[in-house]
Amino acid sequence: MLKSLSISQFGIYENVVLEFDQGLNVITGETGSGKSLIISALGAIRGLRVDSAYVRSNQEEARISAIFEIDGKEQKVTRVISAKGKTTSIINDDVVTLANLNELTSSWFDVIGQNSSQIIFEHDFIAKIIDSELSDKGLIEKQNYENLWKQFKTFLELNQRYENKQKILQQKDILEFQLNELKTLDLENVDELLDINARIDGIVAQNENKELLYNFLEELTQSQKELDAAIHTATKNAYLQNHLAELKTASNIVNDVVVKEESNTNIENLDDEINRLMSVKYALDSLSKKYGPEVDDLILHKKTITQELDDINQVLDLWDIQSEKRDEYVSSLKSAGEALAKEREKSANNIEDRVKENLKKLLMDGSSIKFSFNEIAPNSLGVHELELLVETNKNEGLKPIEKAVSGGELARILLAFWQNINSNESKEILICDEIDAGIGGETGIAIGKEMKNLSSNRQLICVTHLSQVAACAPNHIFVEKNVDEKEQRNVSTVKNLNENEKLYELARMLSGSQTTSALEHAKELLVELNNVN
């Protein structure tokens, strides 16, 4: 679960800490108070790109930290966003790449934004839904098709992507040049690259100190020679002999200093290290202009072109494949695709039945859904275009979902599906940003109940304007925007509401004010929804 989220100098937040519980957590507040900024902060923790414009004005950086408890172990994730555009990702005490951060946190939680309902229109998402219920035999058929498709894709690249061998060789030369450029930097040594300027300054300072020491010793040695000459003169003159002891003491002091400091002149010559670091800096600056300002960009580009070179070499190895093999591949793919489609139809039937039951709970009783399989030329997903058909009004007939539902219906359908998808992916945390927008009344109560049920075996964090959802949440966080009179700028604060404060916030959400009737309505809503199992 996500235990807490600390946000510092990010957007209209100065320093706030949000504390979460297991189960359903809601975040409410007036429009523009900064609720969706919290989702943006969580997106940063998720490893998404974040713009430096989010850094609060007159600040050098913004800092976002989240503390998770995963499998009984506490994990701290931090993103530091510099006003100059650089970001640093930290897991516990270790600096990591953005890719590493995304890989780890994506296994912990998902973020669904206000526009995320649109993903249900996408064929690959529909395939993901159906494939989540495949039997063991179905998984084998899916793996078989994917292996054949990979081979066919290589064949297509050979015959279509590259018009002739000369073109692919030219592309290979370009990529190899870029890779050799990137190899001039030790991209494994991320700490040195991120701290290159400070390291150069430190070593230059050491070298300058060494040069000063040499000059100092040279001057002392000359002074000692002059003192020795003065001592020699004094020994020959009775009057000057009165100063002989003082001169010898001074000579001994100078000699002691020379002996002591001469040992420090044995410091290793740092010119080579300065030259090495300057070369690294020059290469880093030059490559950053070509391939992206962040070290992460260079690492990603190196990984990308390495994979492209592997693909090209594979194509070159297969250059002699004859084009007549295309018919063989297509025939094999169609056979494998038909076998996969039969297994997918079984999975689709099971999902359809469960989603219909879920829709009843969301006051869409009588609605029908159906997955359609329309034969097409082989592609990465199979030999059928997968489409979700919906009927929300009886006797209207099944239609493609994007043509058949309103915004409120679309959110409920996604929620009905997500109860299955999220469970199968075993994500511990689900974060929603106003997916209940445009819903109210009895439908809102149904949404609230299902969100509460959905949170029974996972943590659900929901930004909402819907009082019916907020009333179901044991943990209610209120966001409020005010004007800092001293700074004359907006600042938002957060607060975990107690039961009485929650009642007043629900009244505001219900009627826009905290009148006696609104408070009574809020009490009734709390009683009704918290009697739900």
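Residues numbered from 1 in each chain as written. Predicted model: local features only at pLDDT ≥ 70, side-chain atom pairs only at ≥ 80, totals over all residues. Heavy atoms only, no water.

As for the overall build of the protein
The test is simple: Think of it this way: any DSSP run of H or I at least four residues long counts as a helix, any run of E at least two long counts as a strand, and we number them from the N terminus. Partly exposed residues are those whose accessible area sits between 20% and 50% of the maximum for their type, while under 20% is buried and over 50% is exposed, using a 1.4 Å probe and protein chains only. Note on contacts: a residue pair is in contact if any heavy atoms of the two residues lie within 4.5 Å. To be clear on the numbers: accessible area is Shrake-Rupley with a 1.4 Å probe, and residue cover counts the displayed protein chains and nothing else.
Helix and strand counts for the protein stand at 17 helices and 15 strands. In the protein, which comprises 533 residues, the share counted as buried stands at 47%. Taking as baseline every contact in the protein between residues at least 6 positions apart, the subset at least 24 positions apart corresponds to 67%. When the accessible surface of the protein is split by element, carbon and sulfur atoms take 46% of a total near 28,200 Å².

A closer look at the packing of helix H16 (residues 499–511) against helix H17 (residues 516–529)
A pair of packed helices can be characterised by two numbers: the angle between their axes and the separation between those axes. Selection rule: For helices, the fitted axis covers only the stretch in contact; all axes are lines through C-alpha atoms, and the angles between them, taken along N-to-C directions, range from 0 to 180 degrees. Roughly parallel refers to an angle under 35 degrees, roughly antiparallel to one over 145, roughly perpendicular to one between 65 and 115, and oblique to any angle outside these ranges. Lys, Arg, Asp and Glu make up the charged group, whereas Ala, Val, Leu, Ile, Met, Phe, Trp, Tyr, Cys and Pro make up the nonpolar group; the residues left over, Gly among them, are polar.
With their axes 8 Å apart at the nearest point, H16 and H17 run at an angle of 110 degrees to one another. By the criterion of interaxial angle, the relationship of H16 to H17 is roughly perpendicular. The residues of H17 that touch H16, namely those facing Lys502, Leu503, Tyr504, Leu506, Ala507, Leu510 and Ser511, are Ala518, Leu519, His521, Ala522, Lys523, Leu525 and Leu526. The residue inventory of the contact of H16 with H17, partitioned by class, reads ten nonpolar, two polar and two charged.

Structural notes on the nonpolar core
Put simply, the rule reads: Residues belong to a common nonpolar core when they are buried Ala, Val, Leu, Ile, Met, Phe, Trp, Tyr or Cys residues joined through side-chain atoms within 4.5 Å.
Phe371, Leu388, Ile413, Phe417, Ile447 and Met451 are the most contacted members of the largest nonpolar core, which totals 57 residues. Counting residues in each nonpolar core, the second largest holds 38 residues, with Leu37, Val50, Val463 and Ile477 among its members.

Considering the sheet that holds strand S9 (residues 368–379)
Heads up, the rule is: At least two bridges found by DSSP between two strands is the condition for calling them paired.
With antiparallel pairing, three strands are arranged side by side in an open sheet as S9-S10-S11. Strand pairing shows two members of the sheet lacking a second neighbour, S9 and strand S11 (399–400), which therefore form its edges. The strands that helix H3 (residues 123–131) touches are S9 and strand S10 (382–391); relative to S10, the one it contacts most, it runs at about 90 degrees. Here helix H11 (residues 325–361) sits on the sheet and contacts S9 and S10; the angle it forms with S9, its principal contact strand, is near 165 degrees.

Let's talk about the packing of H3 against H11
Here H3 crosses H11 at 85 degrees, and the two axes come no closer than 8 Å. Between H3 and H11, the crossing angle belongs to the class labelled roughly perpendicular. Contacts between H3 and H11 pair Ala127, Ile129, Ile130 and Asp131 from the former with Arg344, Ser347, Ala348 and Ile351 from the latter. Here the contact of H3 with H11 is composed, by residue class, of five nonpolar, one polar and two charged.

Regarding the pattern of salt bridges
Spelled out, the test is: Just to be clear on terms, a salt bridge is a Lys or Arg side-chain nitrogen sitting within 4 Å of an Asp or Glu carboxyl oxygen.
Using the criterion set out here, one finds 18 salt bridges in the structure. Glu69 is paired through a salt bridge with Lys3; the nearest N and O atoms lie 3.9 Å apart. Residue Glu69 is located in strand S4 (residues 61–70), and its partner Lys3 is located in strand S1 (residues 2–10); the two are separated by 66 residues in the primary sequence.

Describing the state of the cysteines
This is how the line gets drawn: Note that a disulfide, as used here, is simply two cysteine sulfur atoms within 2.5 Å.
Per the stated rule, a full pass over the model turns up zero disulfides. Cysteine Cys462 is unpaired, with the sulfur of Cys432 as its nearest cysteine sulfur at 5.2 Å. Judged by relative accessible area, Cys462 falls into the buried class, the value being 0%.

Digging into the confidence of the model for the protein
Condition: In predicted models, pLDDT denotes the confidence assigned by the predictor to each residue on a 0 to 100 scale.
On average, residues of the protein score 83 in pLDDT, and 89% of them are at 70 or above. Below pLDDT 50 for its whole length, residues 422–426 participates in ten contacts with residues either more than four positions away or in separate chains.

Describing H11
Basically, it comes down to this: Given a helix with a known number of residues, its expected span is that number minus one, times 1.5 Å.
Along its 37 residues, H11 runs 53 Å from first to last C-alpha, staying within 8% of the 54 Å computed at 1.5 Å per residue. Residue Leu363 follows H11 closely and has a positive phi angle near 60 degrees.

Comments concerning the side chain of Gln75
Where we set the bar: N or O atoms closer than or at 3.5 Å make up a polar contact, with two conditions inside protein: a donor-capable atom paired with an acceptor-capable one, and, for residues adjacent in sequence, both atoms drawn from side chains.
Its location among the elements puts Gln75 in strand S5 (residues 73–82). Side-chain polar atoms of Gln75 contact the side chain of Asn92, separated by 3.0 Å. Other than its neighbours up to four places away in sequence, Gln75 contacts Ala66, Ile67, Phe68, Ile91, Asn92 and Trp108.

A short note on the packing of aromatic side chains
As a reminder, the rule being used: Any pair of Phe, Tyr and Trp rings, taking the six-membered ring for Trp, is counted once the centres come within 6.5 Å. Such a pair is stacked with planes under 30 degrees apart, edge-to-face with planes over 60 apart, and tilted for the rest.
Within this structure, the stated rule accounts for five aromatic pairs. Here Phe68 and Trp108 contribute two aromatic rings whose centre-to-centre distance is 4.9 Å and whose plane-to-plane angle is 50 degrees, an arrangement assigned as tilted. Of this pair, Phe68 sits in strand S4 while Trp108 sits in the loop between helix H2 (98–105) and strand S8 (109–112); the two residues are 40 residues apart in sequence, bridging distant segments of the chain. By the burial criterion, Phe68 is buried, and Trp108 matches it. Between Phe68 and Phe109 the ring centres are 5.8 Å apart and the planes differ by 20 degrees, which places this aromatic pair in the stacked class. Placement of the pair is Phe68 in strand S4 and Phe109 in strand S8, with a sequence separation of 41 residues.

Observations concerning the environment of Ala341
Residue placement: Ala341 occurs in helix H11. Taking the C-alpha atoms as reference points, Ala341 and His384, 43 residues apart in sequence, are found 7.6 Å from one another. If we skip the residues at most four places from it in the chain, Ala341 touches Phe373 and His384.

Considerations on the pairing of strand S2 (residues 13–19)
Pairing analysis gives six bridges linking S1 to S2, with the strands arranged antiparallel. Along S2, the bridge assignment pairs Ile7 with Val16. The hairpin turn running from S1 into S2, its antiparallel successor, is two residues long, and Gly11 in that turn takes a positive phi close to 65 degrees.

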